[in-house]
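# Residue-level structure breakdown
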There are 2 protein chains.
Amino acid sequence: MTINIALLGFGTVASGIPFLLKENGEKITAQAGTDIQIAKFLVRDDAEKQALLAQGHQYEFVTDITAILNDDTIDIVIELMGRIEPAKTFITQALQAKKHVVTANKDLLAVHGSDLLKVATDNGVVLYYEAAVTGGIPILRTLANSYTADKITKILGVVNGTSNFMMTKMVDEGWTYDEALAEASRLGYAESDPTNDVDGIDAAYKIVILSQFAFGMTIKFEDVRHEGIRNITPEDVKLAQKLGFVIKLVGEIVERPSGIYAEVVPTFLPKNHQLATVNGVMNAVFVESIGINEAMFYGPGAGQKPTATSVVADVIELAKGIDKGEVLPAFNTFTRETVYATKEDLVDKYYFAIETEDKAGQLLHLAELFHAENVSFEQVFQENIGDDRASIAIISHKMDLNQFDSLVEKISNLEGFTLRNTIKVI
Amino acid sequence: MTINIALLGFGTVASGIPFLLKENGEKITAQAGTDIQIAKFLVRDDAEKQALLAQGHQYEFVTDITAILNDDTIDIVIELMGRIEPAKTFITQALQAKKHVVTANKDLLAVHGSDLLKVATDNGVVLYYEAAVTGGIPILRTLANSYTADKITKILGVVNGTSNFMMTKMVDEGWTYDEALAEASRLGYAESDPTNDVDGIDAAYKIVILSQFAFGMTIKFEDVRHEGIRNITPEDVKLAQKLGFVIKLVGEIVERPSGIYAEVVPTFLPKNHQLATVNGVMNAVFVESIGINEAMFYGPGAGQKPTATSVVADVIELAKGIDKGEVLPAFNTFTRETVYATKEDLVDKYYFAIETEDKAGQLLHLAELFHAENVSFEQVFQENIGDDRASIAIISHKMDLNQFDSLVEKISNLEGFTLRNTIKVI
Ligand SMILES: NC(=O)c1ccc[n+]([C@@H]2O[C@H](COP(=O)([O-])OP(=O)(O)OC[C@H]3O[C@@H](n4cnc5c(N)ncnc54)[C@H](OP(=O)(O)O)[C@@H]3O)[C@@H](O)[C@H]2O)c1
Ligand SMILES: NC(=O)c1ccc[n+]([C@@H]2O[C@H](COP(=O)([O-])OP(=O)(O)OC[C@H]3O[C@@H](n4cnc5c(N)ncnc54)[C@H](OP(=O)(O)O)[C@@H]3O)[C@@H](O)[C@H]2O)c1
């Protein structure tokens, strides 16, 4: 038996698939229980087709999706074009044509995933997307198949390679945000418009998908608070180090008694936290649960081969089932009603970076203010920063989001004090 | 539908199963597609049965395995007694009675796994054992299901919690082996006879099982070279630190062009290696491959709840298939002929700890000796250690095992030099 696949797009990830099918052909065939063959490649236009043929690629290149939709020999369609349209339409059409679909398109899945999954179910086919979250780290299938007996209480993820590369440079080398961005661009890690990466949008897409697998709930993309790394200064980085922390952009999902909550924010991580040593473009997902307790899954968040490997693993999973004539299980079968946590239930420590005149009694003012909110200090570091100014860095004990909002407002309104930054502490 | 399970043994791990089935009952039932119920518990004797009943445990306790073997309502038998016998006999009988079996018994699997798997196949049932390797880390299922498209070239594992706890104390606090062992015993991490843990035997069991999942080959337990941590001195730890390394007991499996090789040995890990921060009783498996490149799976290697969670995850996987009336897939379907690497193909760096008289020309002697073997130095550190004696620590460049053996012999025979220790460097 041979399973025929069609690929949509011939970009970075897609062009890594033939390499794997060839290099690991024997193992892949043995694992899938059948040969896997690329039947068709959808490319943009005739010019791209001619160029690829001229480069010696010997595939059947097509420029019209109907050539794939109407081909009954094709069992699996792999979408690797990216963006919302026409990917959304093509995936929908493929599912309606009773073809299983594999994609790595996190943007699309985070916003329209539920709709697409419904189309799949309605048509008796499935949609798999291991590569959509942290490219090479096999996290989704692990959550779906190995956490079945466990109850996850928290996910912490360093899930955007570009921003983590930049934060690593800012922490290890003391670089500014702009210096780190320039280097990330030079190395091709940052796109010409880096917004998605540095503002936490890309990470928020992944957090939406992780929330479905880890908690069985779908947090809407708009409900994932996201704040990027643009406002982190070398000063913050230095203070973090003095207080025993490193700063990273961390996506967090927690389940509290009242419900779940997710955000992507710069975060103070204790130096000995397992996530603190996840550096450069590497990604990791840290999972807290009542059974396993603490586990971490570390690996490349992107890259041609890692991402293509996850895509082909999905294809093999599908091929196994198709080969046996089984009804294929949905990628994720864990679903519950989505309930959001209340603000009172969201309890964290925070770093407050404050500047003020360097004179007696200033810290006392702040201490009174925190005391009035019933919040105490865990660590305080004060230093003169010249011009008779003092920098005060506070690591608080835990407070809920209402207390935090109230403190931020009060400090901001405190005569003679500037609240330079606040950052969550784990 | 209800799936009935029987548990053999009511020890640490087994007594964690009821907790999970209760605490996560709703999720487990949803994931399995069926209720899972403990039908019988095999205990040692009537005294244990009476004691457990007196403690309020409301299970059907039996003292004779045939009560389970002959019970047609039982689909799955979970062996959590440990040791070789009677576990081996009971598992064999359960498989012959067409019951699927789940176990965490690494000792048994490492030595008799192939035989037991054959009994399973012959009887149309399966044997799952996620918990046998690194208790709470879902590594085996991940290798079996997510590395299907990839080709693994190397596994590095910190897979024994007791020895890692001890090494962490020896590295972080400068403790001696004996001090670390005393503390491990006090905390209940080390058994009264710590041999299995400190001599790398327990780790070697896990390495045997990992070799099957990662490489599709079965390395015989006797063929896993293992050397424990007894001979590591505070001196070695300090020198490692000076040279930029930490020492850990690491299990390694490599595939080289000529074949595979496995060993469990104390290892110098560069301080920035992801495994270097795996501390205390935590475990981790670091995987190098041609697709994903580098990934690491970190978590608790033991403990009641983590281990029970892995056991129940296996049970859920089985229950899903039983519920659908499917033929269940073997836990690991990746198998190739086992071929061992040649010595020439095993190329590593090494640390040599040498003592000699503190006089001119001593290092030159050593340099000549290495040069004659065609091996160069990567780092050298020499210091006077009193009594006119010098300690010379060498980190070599790569050499094959023949060169290593020859160098060890030559240095040992070198008049006036003592080869105190050699340790592999990653
Ligand atoms: N790269 C990674 O490491 C990585 C990691 C995880 C997930 N992903 C996801 O994987 C997907 C692919 O990423 P990529 O890096 O491979 O992107 P890419 O290099 O930009 O490749 C996309 C390809 O699709 C083609 N394409 C776009 N629209 C098309 C259309 N209508 N018809 C035919 N071809 C079309 C593009 O052609 P043009 O060049 O002509 O536009 C391009 O060749 C994205 O969803 C991405 O988010 C990527
Ligand atoms: N503990 C962990 O964290 C962990 C992690 C990974 C894997 N494992 C594996 O899991 C298995 C169980 O470990 P464990 O820590 O739970 O061991 P344990 O606490 O010693 O429990 C074993 C239980 O089985 C009982 N037993 C032994 N032989 C029996 C027999 N013939 N009939 C009835 N009961 C019998 C023992 O009773 P007695 O006390 O009377 O001997 C004991 O209660 C072992 O294979 C171990 O290697 C354990």
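Residues numbered from 1 in each chain as written. Chains lettered and ligands numbered in written order. Predicted model: local features only at pLDDT ≥ 70, side-chain atom pairs only at ≥ 80, totals over all residues. Heavy atoms only, no water.

The name an unreviewed UniProt entry gives chain A is Homoserine dehydrogenase, with Pseudolactococcus laudensis as the organism. Among the UniProt annotations of chain A, the heading Sequence similarities (unreviewed entry) holds the following wording: "Belongs to the homoserine dehydrogenase family." The Catalytic activity (unreviewed entry) comment attached to chain A in UniProt states, word for word, "L-homoserine + NADP(+) = L-aspartate 4-semialdehyde + NADPH + H(+)". (UniProt positions renumbered as here; feature names shortened; annotations may be inferred.)

We now examine the overall build of chain A. Looking only at helices and strands, chain A features 15 helices and 17 strands. Over its C-alpha trace chain A gives a radius of gyration of 24 Å, about what one expects of a compact globule, namely 22 Å for 426 residues. Along the first, second and third principal axes, the C-alpha atoms of chain A reach 80 × 45 × 35 Å. Looking at chain A as a whole, 58% of its 426 residues qualify as buried. Long-range contacts, defined here as pairs at least 24 residues apart, represent 73% of the contacts in chain A between residues at least 6 apart. Entry remark: accessible area of chain A is about 16700 Å², with carbon and sulfur atoms responsible for 47%. Computed over 37 positive and 59 negative side-chain charges, the separation of the two mean positions in chain A equals 3 Å. (Helix = DSSP H or I, 4+ residues; strand = E, 2+ residues; numbered from the N terminus. Rg over C-alpha atoms; globule rule 2.2 N^0.38 Å. Buried < 20%, exposed > 50% of the residue type's maximum accessible area, 1.4 Å probe, protein only. Contact = heavy atoms within 4.5 Å. Areas by Shrake-Rupley, 256 points an atom, 1.4 Å probe, with all protein chains shown as cover. Lys, Arg positive; Asp, Glu negative; His and termini not counted. Charge placed at Lys NZ, Arg CZ, Asp CG, Glu CD.)

Residue and element names in this part refer to chain A. For chain A, the assigned domains read domain 1 (2-136 + 303-324), domain 2 (140-300) and domain 3 (344-425). Each of domain 1 and domain 2 was reduced to a C-alpha centroid, and the two centroids are 28 Å apart. The partner domain 2 presents 17 residues to the 18 residues of domain 1 that form the contact. In this assembly, domain 1 packs against domain 2 so that about 1400 Å² is buried in total across both faces, 64% of it on carbon and sulfur atoms. At the boundary of domain 1 with domain 2, the tally comes to two salt bridges. A salt bridge links Arg 141 to Asp 314; its shortest N-O distance comes to 2.8 Å. Across the domain 1-domain 2 interface, the total number found is four residue pairs in polar contact (both at pLDDT 80 or more). Secondary structure elements with two or more residues in the side of domain 1 that touches domain 2: helix 6 (106-122) and helix 13 (304-324). Take the side of domain 1 that touches domain 2: its biggest share by element is six residues, from helix 6. (Domains from an automatic or database assignment. Buried area = accessible area lost by both parts, 1.4 Å probe. Salt bridge = Lys/Arg side-chain N within 4 Å of Asp/Glu carboxyl O. Polar contact = N/O pair within 3.5 Å; in protein donor to acceptor, adjacent residues only side chain to side chain.)

Here we take up the site of ligand 2. All names here are of chain B. Near ligand 2 lie 18 residues; those nearest to it are Thr 12, Val 13, Arg 44, Ala 302 and Gly 303. Contact distances for ligand 2 include 2.8 Å between an oxygen atom and a side-chain N or O atom of Thr 12. Within the side chain of Arg 44, one N or O atom sits 2.7 Å away from an oxygen atom of ligand 2. Relative to its unbound accessible area of 890 Å², ligand 2 is 72% covered by the protein chains. Looking at the shell around ligand 2, its residues break down into nine nonpolar, seven polar and two charged. (Near = heavy atom within 4 Å. Nonpolar A, V, L, I, M, F, W, Y, C, P; charged D, E, K, R; others polar.)

Once that is clear, we can look at the environment of Val 111 of chain A. Residues and elements named next belong to chain A. Inspection of the secondary structure puts Val 111 in helix 6. Here Val 111 falls in the partly exposed class, since its relative accessible area comes to 42%. For the pair Val 111 and Ile 84, spaced 27 residues apart in sequence, the C-alpha to C-alpha distance is 9.1 Å.

The subject of this paragraph is the site of ligand 1. All names here are of chain A. Taken together, the neighbourhood of ligand 1 is formed by 18 residues, with Gly 11, Thr 12, Val 13, Arg 44 and Gly 303 sitting nearest. Here an oxygen atom of ligand 1 sits 2.8 Å away from a polar atom, N or O, in the side chain of Thr 12. Take Arg 44: an N or O atom from its side chain is 2.7 Å from an oxygen atom of ligand 1. Tallied by class, the residues present in the shell around ligand 1 amount to nine nonpolar, seven polar and two charged.

This paragraph deals with the pairing of strand 2 (residues 35-42) of chain A. Residues and elements named next belong to chain A. Taken across its eight residues, strand 2 has six buried, putting it largely inside the fold. In this structure, strand 1 (residues 2-8) lies alongside strand 2, joined through seven bridges in parallel fashion. From the neighbouring strand, Ile 5 faces strand 2, where its bridge partner is Ile 38. As judged from the two bridges shared by strand 2 and strand 3 (residues 61-62), these two strands associate in the parallel manner. Looking across to strand 3, one finds that Phe 41 is bridged to Phe 61. (Pairing = 2+ DSSP bridges.)

What follows covers the environment of Val 77 of chain B. Residue and element names in this part refer to chain B. Relative to the helices and strands, Val 77 resides in strand 4 (residues 74-79). We classify Val 77 as buried; its relative accessible area is 2%. Counting along the chain gives 79 residues from Val 77 to Leu 156, while the straight-line C-alpha distance between them is 32 Å. Setting aside residues up to four positions removed in sequence, Val 77 forms contacts with Ala 6, Leu 8, Ile 68, Ala 94, Lys 99, His 100, Val 101 and Val 102.

Contact with chain A, which involves 46 residues of that partner, is made by 46 residues of chain B. Summing both sides of the interface, chain A and chain B together bury roughly 4100 Å²; the carbon and sulfur share of this comes to 53%. Between chain A and chain B we count 14 residue pairs in polar contact (both at pLDDT 80 or more) in total. Elements that contribute at least two residues to the side of chain A that touches chain B include exactly helix 1 (17-23), helix 2 (25-32), helix 7 (139-146), strand 12 (294-300) and helix 13 of chain A. Element by element, the count of residues in the side of chain A that touches chain B is highest for helix 13 of chain A, at nine residues. Counted by class, the side of chain A that touches chain B contains 22 nonpolar, 13 polar and eleven charged residues. With three bridges joining them, strand 12 of chain A and strand 12 (residues 294-300) of chain B adopt antiparallel strand pairing. The partner of Met 296 of chain A across the bridge, within strand 12 of chain B, is Tyr 298 of chain B.

This paragraph deals with unusual backbone geometry. The omega torsion of the bond from Glu 85 of chain A to Pro 86 of chain A falls at 5°, within 30 degrees of zero and hence cis. By the secondary structure assignment, Pro 86 of chain A is in the loop between strand 4 (74-79) and helix 5 (87-96). Look at Asp 387 of chain A: it is not a glycine, yet its phi comes out positive at around 55°. Non-glycine residue Asn 374 of chain B carries a positive phi angle of around 70°. Of note, Asn 374 of chain B is situated in the loop between helix 14 (362-372) and strand 14 (377-384). Residue Asn 374 of chain B is classed as exposed on the basis of its relative accessible area, which comes to 69%.

Glancing now at the packing of aromatic side chains. All names here are of chain A. Applying the stated criterion across every chain yields a total of 37 aromatic pairs over all chains. Joined through ring pairs, the aromatic side chains of Tyr 350, Phe 352, Phe 370, Phe 377 and Phe 404 make up one cluster. Residue placement shows Lys 169 over the ring face of Trp 175; its charged tip is 5.4 Å from the ring centre. (Phe/Tyr/Trp six-rings, centres within 6.5 Å; stacked < 30°, edge-to-face > 60°. Lys NZ or Arg CZ within 6 Å of the ring centre and 35° of its normal.)

This paragraph deals with a nonpolar patch on the surface. All names here are of chain A. Residues Leu 187, Tyr 189 and Val 281 make up a contiguous nonpolar surface patch of roughly 220 Å² in combined accessible area. You can see Leu 187 is positioned in the loop between helix 9 (177-186) and helix 10 (195-198). Judged by its relative accessible area of 37%, Leu 187 falls in the partly exposed class. (Patch = residues over 30% accessible without salt bridge, like charges linked within 9 Å, V, L, I, M, F, W, Y side chains within 5 Å.)

Residues and elements named next belong to chain B. Pairing is parallel across the open sheet formed by six strands, whose spatial order is 3-2-1-4-5-6. Edge strands, defined here as strands with exactly one partner in the open sheet, are strand 3 (61-62) and strand 6 (127-128). As defined by bridge partners, strand 5 (residues 100-103) adjoins strand 6 across two bridges and the pair is classed as parallel. For Val 102, the partnering residue across the bridge sits in strand 6 and is Tyr 128. Helix 5 (residues 87-96) rests against strand 1 (2-8), strand 2 (35-42), strand 4, strand 5 and strand 6 of the sheet, and its axis sits at about 150° to strand 5. (Axes fitted to C-alpha atoms, helices over the stretch in contact; angles between N-to-C directions.)

Here we come to the relation of the copies chain A and chain B. Superposition of chain A onto chain B requires a rotation of 180° combined with a translation of 0.0 Å along the rotation axis, giving an RMSD of 0.0 Å. Expressed as a symmetry operation, the mapping of one chain copy onto the other fits a two-fold axis. Of the C-alpha atoms belonging to chain A, the one lying closest to the rotation axis is found on Phe 297 of chain A, 2.5 Å away. Taken as a fraction of all interface residues of chain A, those also at the interface in chain B reach 100%, which identifies the copy contact as same-surface. (Least-squares fit on C-alpha atoms with pLDDT ≥ 70 in both.)

With that settled, the discussion passes to the pattern of salt bridges. Residue and element names in this part refer to chain A. All chains considered together, the criterion is met by 46 salt bridges over all chains. With its nearest N and O atoms 3.7 Å apart, the salt bridge here joins Glu 357 to Lys 359. The partly exposed category is assigned to Glu 357, whose relative accessible area is 39%. For Lys 359, a relative accessible area of 42% gives the class partly exposed. A single salt-bridge network, built from bridges that share partners, covers Lys 154, Arg 225, Glu 227, Glu 252, Glu 263 and Lys 424.

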